[in-house]
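Topology and contacts: notes
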Amino acid sequence: MRKPLVAGNWKMNNPIESSRTLLQKILYNAEMLDSILAKEENACSIDIALFPPSVYLREAQEVLTGSDLHWGTQNVSAYDEGAYTGEISASMIKGFGCDYVLIGHSERRCLYEKLELDQYVLDQIVAEKYAQAISHDLTPIVCIGETKEDYESGKTEQVIARLLDILIEHKGAHSLSKAVLAYEPVWAIGTGHSASPEWAQQVHAFMRARVAAHDKKTAQGLRIIYGGSVKASNAAAIFSKPDVDGGLIGGASLDVEAFTHICFAAALHQK
Ligand code: PGA
């Protein structure tokens, strides 16, 4: 059985004053949802993780400690410590009570792409961050997805396999039992147009099979979530697919009602 995960990526949004309120409202709704789900016959409990900007980690820790909600950061350094201006290490993140970290989000990749780094090199950096997270007992949510250009030229599986193979080569397939994968087609992020549930299922099944070729048990238990324009209106259809174990939610995670609906949809679809 895989417990669904709904992760809210706030990106670089919300002033400090409204961040605390948003955390409190999400927590309140999550607790209400728990009592509603307890009465639903076909519902299961889910994991909810929030990713506010790192400068609000103190607020997240204060509001969410003692609850069932998790929190984390939108990035982590590939290094332990040292002269890396602007970076945040895994142990610093851990110090704020985080248990998750987002890795390899396409919006961060774009920054490096401007430096004209090759995709293979970028995947290596993601693998180093992955290793940092795992060794500090943080659960990495590794984002993998193809650009519009790759999608249109039929390279989706090639792009996904490249990163998955590097992770497996670096840390072994079994390390994925401590991780979550997020299929995030770049063309769907922030566009309002999500992938179809059928397409998401096809890609998720490919990802699971790729891991299963090395370690069947790990693949079976591995949570693979979908991200890219998930909304209250399409979450249930996407989460109903057998290999979709929840969602990584951007824009809709800033809307308490929408985010609660999405969590509810995930709770009705345990795999
Ligand atoms: P979106 O973002 O839901 O706003 O498309 C998803 C993400 O970037 O993780």
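Structural notes, computed from the coordinates. Because the structure is predicted, anything quoted here is derived from the model rather than measured. The written sequence of each chain sets the order in which its residues are numbered from 1. pLDDT decides what is reported in this predicted model: residues at 70 or higher carry local features, side-chain atom pairs at 80 or more are listed and counted, and totals for whole chains, interfaces and linings draw on all residues regardless. Water and hydrogen atoms play no part in the side-chain values, which are based on all heavy atoms of the structure.

By secondary structure assignment, the location of Lys3 is in the segment before strand S1 (5-9). Among the residues examined, Lys3 registers a relative accessible area of 33% and is labelled partly exposed. In sequence terms Lys3 and Arg223 are 220 residues apart; their C-alpha atoms lie 7.7 Å from each other. In this description, contact between two residues means that some pair of their heavy atoms is separated by no more than 4.5 Å. Here Lys3 is in contact with Ser45, Ile46, Asp47, Arg223, Asp245 and Gln270, once residues within four sequence places are set aside. Residues adjacent in sequence count toward polar contacts only when both atoms are side-chain atoms; beyond that, a polar contact is any pair of N or O atoms within 3.5 Å, and within protein one must be able to donate a hydrogen and the other to accept it. A polar atom in the side chain of Lys3 sits 3.1 Å from the side chain of Asp47. The numbering of helices and of strands both runs from the N terminus, where a helix is a DSSP run of H or I of at least 4 residues and a strand a run of E of at least 2. For the exposure calls, accessible area comes from a 1.4 Å probe over protein chains only, and a residue counts as buried if that area is under 20% of its type's maximum, exposed if over 50%, partly exposed in between.

With that settled, consider the pattern of salt bridges. Pairing is possible between side chains of opposite charge, provided their charged atoms come close. We count a salt bridge whenever a side-chain nitrogen from Lys or Arg sits within 4 Å of a carboxyl oxygen from Asp or Glu. Summed over the entire model, instances satisfying the criterion amount to 12 salt bridges. Here Asp47 and Lys3 are joined by a salt bridge, their closest N and O atoms 3.1 Å apart. One end of the pair, Asp47, is in strand S2 (residues 47-51); the other, Lys3, is in the segment before S1, and 44 residues separate them in sequence. Taking the shortest distance from any N to any O, the salt bridge between Lys148 and Glu152 comes out at 3.0 Å. A residue pair is termed a helical-turn pair when its members lie 3 or 4 positions apart in one helix, as Lys148 and Glu152 do in helix H6 (residues 148-152) at 4 residues. Glu152 shares its class with Lys148; the two are exposed.

The analysis is restricted to geometry; functional conclusions fall outside its scope.
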